[in-house]
Amino acid sequence: MAKISLKNIVKVYPGNIPAVHDFSLEIEDKEFIILVGPSGCGKSTTLRMIAGLEEITSGELYIGDRLVNDVPPKDRDIAMVFQNYALYPHMTVYKNISFGLVLRKMPKDQIKQKVDEAAKILDIEHLLSRKPKALSGGQRQRVALGRAMVRDPAVFLLDEPLSNLDAKLRTSMRTEISKLHKRLGTTFVYVTHDQTEAMTMGDRIVVMKDGYIQQVDSPQNLYDFPCNLFVAGFIGAPQMNFIDATLIKSENGFSAQFGATIIEIPSAKLSAETATAYEGKPIVLGIRAENLHSEDSHIERTETSPINVTVELVELLGSETYLYVVCEGINLIAKIPPYNNPKSGDTITLALDREKLHLFDKETGNAIK
């Protein structure tokens, strides 16, 4: 049983420097959970507290049903894969993978069986006699994973394991780690600052900022229903467009106005009671790049509002095009199909999909439900 419970975990470094605030989370057995956020948000510190490499200032940490606050790392039944692989340069791949088992005085035949099994799964059987300096970054990462695997841990902890790899290798290793999780049926806790990794790999994602949990949810729910401006801006590429506007009463209900542009707010997005409370007040509209459509898009015009924009830059990406545009002095990004592309300096009309609008409180940054 590899359920992990973090209850009101706090980490304060010497000098009264806070790193993690009141962190509470239940990680289910065999779950693949990802801690994501910008540098300095406390995600690696949290992982290191689970591993026992950082002392917990206050709160309770359980692995299974056992309180492990004061249990040393070697007795927690965890294995950690580090960003820099942490391989011994003077040892062969075989010795690196088997090192922890040798320390446990496991019989040699069992060690060989475990190393051979791990090497086969990770496709590094042909590398067992080499030393780390003769390996590529991706091969070293596989060796680090193999060293963790042979210990049969209840929990895998991975701290930005792909950050030193090139873009193509990162993509393939993401797939490999996801397959490994399914094959091993073990709890994975994975730290990254790359939201693409988080969206493609995790069962659930924990978004962190300044040591606080912002939102815990499935990748799709985080994308569709961000709880505040930070999560909305952090999850998704390119970043969500944000427009400062004022909520006004209009003929058919309520609308958002910025400059001379008026966007009708669908009633499903805003109850009459909430709208009345925000009438005349500043709000923030959020709209993702793919929900700003070019004029020739085949979408129901009843769901969209036209906005006039000036094109500043066009990025052709083959399967799609990014338009960097300005509307009422506000910089926006639109993602459109790769045909009939406008040119820099053109004034065009885009269709804003009102059904995909997100509304945020200007003052608190929280989503307006």
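Refer to the structure printed above.
Residues numbered from 1 in each chain as written. Predicted model: local features only at pLDDT ≥ 70, side-chain atom pairs only at ≥ 80, totals over all residues. Heavy atoms only, no water.

Caption draft 1: Main features of the nonpolar core. Core analysis: the biggest nonpolar cluster contains 42 residues, and Ile97, Leu145, Leu158, Ile177 and Tyr190 have the highest contact counts within it. Beyond its immediate sequence surroundings of up to four residues, tyrosine 190 is in contact with Phe32, Ile33, Ile34, Leu35, Leu158, Pro161, Leu162, Ile177, Glu197 and Met201. In this structure, Ile243, Ala245, Leu352 and Leu359 belong to the second largest nonpolar core, which totals 31 residues. (Core = buried A, V, L, I, M, F, W, Y, C linked by side-chain atoms within 4.5 Å. Buried < 20%, exposed > 50% of the residue type's maximum accessible area, 1.4 Å probe, protein only. Contact = heavy atoms within 4.5 Å.)

Caption draft 2: Local environment of the sheet that holds strand β12 (residues 253-258). Taken together, the 5 strands give an open sheet; going across it, the order is β13-β12-β11-β14-β20, and neighbouring strands pair in antiparallel fashion. Strands with a single pairing partner mark the edges of an open sheet, and in this sheet they are β13 (261-264) and β20 (358-361). Direction aside, neighbouring strands of the sheet carry axes that sit 40° apart on average. Bridge count for strand β14 (residues 282-287) against β20 is 4 bridges, and the pairing is antiparallel. By the bridge assignment for β20, leucine 285 is matched with leucine 359. (Pairing = 2+ DSSP bridges. Helix = DSSP H or I, 4+ residues; strand = E, 2+ residues; numbered from the N terminus. Axes fitted to C-alpha atoms, helices over the stretch in contact; angles between N-to-C directions.)

Caption draft 3: Examining the pattern of salt bridges more closely. Applying the stated criterion to the full structure yields 8 salt bridges. For glutamate 31, the salt bridge identified is with arginine 204, shortest N-O distance 2.5 Å. Of this pair, glutamate 31 sits in the loop between β2 (17-27) and β3 (32-36) while arginine 204 sits in strand β9 (residues 204-209), and the two are 173 residues apart along the sequence. In this structure glutamate 31 comes out as buried when scored by relative accessible area, which is 9%. On the basis of relative accessible area, arginine 204 is assigned to the partly exposed category, the value being 23%. Members of the salt-bridge network, linked through shared partners, are Lys11, Arg48 and Glu54. (Salt bridge = Lys/Arg side-chain N within 4 Å of Asp/Glu carboxyl O.)

Caption draft 4: Inspection of the packing of helix α3 (residues 108-122) against helix α4 (residues 137-149) at higher detail. Following both chains from N to C, one finds α3 and α4 inclined at 140°, their axes separated by 9 Å at the closest point. In terms of axis orientation, α3 runs oblique to α4. α3 and α4 meet at a crossing whose hand is right-handed. Seen from α3, the contacting residues are Ala118, Ile121 and Leu122; seen from α4, they are Arg142, Leu145, Gly146 and Met149. (Parallel < 35°, antiparallel > 145°, perpendicular 65-115°, else oblique. Left-handed = near helix turned anticlockwise from the far one by under 90°.)

Caption draft 5: Just the side chain of arginine 288, in detail. Relative to the helices and strands, arginine 288 resides in the loop between β14 and β15 (292-293). Here arginine 288 is in contact with Leu222, Tyr223, Ala232, Ile235, Gly236, Met240 and Asn241, once residues within four sequence places are set aside.

Caption draft 6: View of the side chain of asparagine 241. Tracing the sequence through the fold places asparagine 241 in strand β11 (residues 241-250). Of note is the side chain of asparagine 241, whose polar atom sits 2.7 Å from the backbone nitrogen of isoleucine 333. Not counting residues up to four positions away in its chain, the partners in contact with asparagine 241 are Leu285, Gly286, Ile287, Arg288, Ala289, Leu292, Asn331, Leu332 and Ile333. (Polar contact = N/O pair within 3.5 Å; in protein donor to acceptor, adjacent residues only side chain to side chain.)

Caption draft 7: Up close: the packing of aromatic side chains. Across all of its chains, the model carries 6 aromatic pairs by this definition. On the numbers, 4.9 Å between centres and 55° between planes, the contact of tyrosine 88 with phenylalanine 99 is tilted. Residue tyrosine 88 is found in the loop between β6 (78-81) and α2 (93-103), and its partner phenylalanine 99 is found in helix α2; the two are separated by 11 residues along the sequence. Of the residues examined, tyrosine 88 reaches a relative accessible area of 33% and is grouped as partly exposed. Look at phenylalanine 99 and you get partly exposed, because its relative accessible area is 26%. A connected cluster of aromatic rings, assembled from ring pairs, spans Phe32, Phe156, Phe188 and Tyr190. For the cation-ring pair, arginine 288 lies above tyrosine 223, with the distance from its terminal atom to the ring centre recorded as 3.9 Å. (Phe/Tyr/Trp six-rings, centres within 6.5 Å; stacked < 30°, edge-to-face > 60°. Lys NZ or Arg CZ within 6 Å of the ring centre and 35° of its normal.)

Caption draft 8: Spotlight on the pairing of strand β1 (residues 4-13). Across 5 bridges, β1 lies against strand β4 (residues 58-63) in antiparallel orientation. Counterpart to serine 5 in the pairing with β4 is tyrosine 62. In terms of strand pairing, β1 meets β2 through 7 bridges, oriented antiparallel. In the sheet register, isoleucine 9 faces β2, and the bridge partner there is phenylalanine 23. From the end of β1 to the start of β2, which pair antiparallel, there are 3 residues, and glycine 15 there has a positive phi angle of about 90°.

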